[in-house]
Amino acid sequence: MTTMKLAFDISFTHTEGKWAAPGSWVGADYPDVGLFTELAVAAERGGIDMLFFGDGTGIPDTWEQSMDAAIRYGIQWPRQDMSPFIAAMAQATQHIGFGLTYSSTYMHPFYTARLLNSLDHVTKGRLAFNVVASGRVADAANYGFDGLMDHDQRYERMEEFVSVCKALWDSVEPDAILRDRSTGQFADPSKVHRVDHHGEFFDVAGPLPSVPSPQGHPVLVQAGASPRGIAASASFADVVFGLGGHLPSQVKHRAALDDALTAAGRRPEDVGILWATQVVLGRTAAEAAARKEEMASMLMDDDAVGAYLSYNSGFDFSVLPEKFTLAEVAEQIAAAQATQSGFVQRLIARRGDDGVLTRTEFFEEGWKYATGYEQTIAGTAEQVADELEEQFLATGSNGGFMICNPQSMPSSLYEVTDLLVPELRRRGLVSERYAGTTLRENLL
Ligand SMILES: Cc1cc2nc3c(=O)[nH]c(=O)nc-3n(C[C@H](O)[C@H](O)[C@H](O)COP(=O)(O)O)c2cc1C
């Protein structure tokens, strides 16, 4: 049987009030590298295939065009560049992989390809690159853009970005380095090639001034969920990061990806989806249910919720009237070239798009979305495993789960490694040990 892969997204261990949650950041403050290293060691001991870090570089300021709410409440901010942290975590571990995010909308492929090549060396072949098409205005302003690039153009740029990275990673052939002490020849010039790329977005000469890394190319991850985003996944992703928590949407996403892969001349069975999934585990169902309720009870101010939603959608929800329909909001979001997936689409999937909603209802739903309350699977290890098994089977047993948004760290990780993983292993759903030495061998 194909086994389920397990990744753990620890991008947000400290934002949205989680820095102060019981059991969180005990004895350490974000971004203490010691706690991250402790997490990596514990995740590896518990059989997690990959620790994952999303990224965003702006302070949310879409809400009322101000960053005050985000700073006051610690909404999606602060965020470190995780690459040096991954280098540290890799030194304390041997098997677990690391997923690092950079934006193809703002970064340059030469710099990125070179950095990721070095990280693949430092991790000994345990690196994944999550390529994102940033849909956040606050990020744009850091890179000299005064607004968002057109939605589909972000994906045109992403595809070119990735093809340049791949050409650079291939520009030094795996056997180009000779290190022949007897002749003094270091490398074979016939195996090092210029790239000479001239495209719509980038001009890059190459080659990469680097030694080929253990994986050659890091594992490529992509998360776009719109039709154009899925087409981009189909063109290059090794594994897709998909929104979980709503099985009918997941089944649709899987089918759309399969069609896009076939159209791109690739085999659907070669590209798994890791479903973003939130879990709360308890030794009893009642304990888990009570802990899930704690998530929603830690109520945040409307400003904090608005800062979160507006940043992630690229749309200022403070302009909403007292009453509106979701169809009207979705239309305004599309007109603003903001993301076409996420909270509003999720709400439409649940409630339809023609019912009237008040602002208060919208922000209550928004807080549940921000905390992941609605889609959190709470229960004993057996109950959570039942749910994951059902989702895995219904989506083609291809990929696995990205456990996201832990309530508190490190305690939420220990619940997964100590309660859930043993149950999934007992069912033969998760393998007993790492299959190989590189992330590509373990995750794909
Ligand atoms: C599961 C998931 C994770 C994402 N992670 C990030 C991230 O870490 N940083 C970021 O800038 N964008 C992230 N995105 C945003 C996507 O890269 C993309 O911009 C967004 O989904 C809009 O594209 P779409 O309309 O094709 O979905 C994520 C999206 C999804 C669905």
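Basis of the calculations
Residues numbered from 1 in each chain as written. Predicted model: local features only at pLDDT ≥ 70, side-chain atom pairs only at ≥ 80, totals over all residues. Heavy atoms only, no water. Helix = DSSP H or I, 4+ residues; strand = E, 2+ residues; numbered from the N terminus. Rg over C-alpha atoms; globule rule 2.2 N^0.38 Å. Buried < 20%, exposed > 50% of the residue type's maximum accessible area, 1.4 Å probe, protein only. Contact = heavy atoms within 4.5 Å. Areas by Shrake-Rupley, 256 points an atom, 1.4 Å probe, with all protein chains shown as cover. UniProt positions renumbered as here; feature names shortened; annotations may be inferred. Near = heavy atom within 4 Å. Polar contact = N/O pair within 3.5 Å; in protein donor to acceptor, adjacent residues only side chain to side chain. Nonpolar A, V, L, I, M, F, W, Y, C, P; charged D, E, K, R; others polar. Axes fitted to C-alpha atoms, helices over the stretch in contact; angles between N-to-C directions. Parallel < 35°, antiparallel > 145°, perpendicular 65-115°, else oblique. Left-handed = near helix turned anticlockwise from the far one by under 90°. Arc of directions from axis to C-beta. Core = buried A, V, L, I, M, F, W, Y, C linked by side-chain atoms within 4.5 Å.

Remarks on the overall build of the chain
Helix and strand content of the chain: 16 helices and 15 strands. Radius of gyration (C-alpha) of the chain: 22 Å, near the 22 Å computed for a compact globule of 444 residues. Taking the principal axes of the C-alpha coordinates as reference, the chain spans close to 75 × 50 × 45 Å. Counting across all 444 residues of the chain, residues that qualify as buried make up 57%. Sequence-distant contacts in the chain: of pairs separated by 6 or more residues, those separated by 24 or more amount to 76%. Element-wise, carbon and sulfur atoms account for 51% of the exposed surface of the chain, whose accessible area totals about 18,300 Å².

Looking at the UniProt feature "binding site: FMN" (unreviewed entry) in the chain
According to UniProt, the "binding site: FMN" (unreviewed entry) feature falls on D55, T101, H151, Y155 and S226. Secondary-structure assignment places D55 in the loop between β2 (50-53) and α2 (68-73). Residues within four places of D55 in sequence aside, it is in contact with R79, Q80, T101, Y102 and R136. Judged by its relative accessible area of 6%, H151 falls in the buried class.

Brief notes about the site of the ligand
By nearness alone, 20 residues border the ligand, and D55, A133, H151, Y155 and S226 come closest of all. At a separation of 2.3 Å, an oxygen atom of the ligand approaches a polar backbone atom of A133. Between an oxygen atom of the ligand and a side-chain N or O atom of Y155, the distance comes to 2.5 Å. Counting residues per element, the ones that place at least two in the shell around the ligand are α6 (151-169) and β10 (239-243). Considering only residue class, the shell around the ligand consists of seven nonpolar, eleven polar and two charged.

What to know about the packing of helix α11 (residues 326-335) against helix α12 (residues 343-351)
One way to put it is that α11 packs onto α12 with a least axis distance of 10 Å and a crossing angle of 150 degrees. One element, α11, and the other, α12, form an angle in the roughly antiparallel class. Of the two possible hands of crossing, α11 and α12 adopt the one that is left-handed. Only V344, Q345, L347 and I348 of α12 make contact with α11, whose side of the interface consists of L326, V329, A330 and I333. The class makeup of the residues in the contact of α11 with α12 is seven nonpolar, one polar and no charged.

Some thoughts on the environment of Q391
Here Q391 lies in helix α14 (residues 381-394). Ignoring any residue separated from it by four or fewer positions in sequence, one finds Q391 in contact with L247, Q250, I377 and F401.

Some thoughts on α11
An α-helical turn contains 3.6 residues, so a residue and the one three or four places further along point in the same direction. For α11, the full list of buried residues reads L326, V329, A330 and I333. For α11, the angular spread of buried residues about the axis comes to 100 degrees, placing them on one side. What points out from α11, more than 90 degrees from its buried face, is the exposed set E331 and A335. For α11, the elements touching its buried residues are β12 (323-325), α12, β13 (356-358) and α13 (359-371).

Topic: the nonpolar core
Of all hydrophobic cores here, the largest spans 79 residues; its most connected members are F8, F36, L51, M89, V416 and L424. Broken down by element, the residue count for this core peaks at eight residues, all from α6. Setting aside residues no more than four positions away along its own chain, L51 makes contact with F8, I10, L39, A40, A43, M89, I96, G97, F98 and G99. Grouped together as the second largest cluster of nonpolar side chains are 29 residues, F317, L320, F324 and A330 included.

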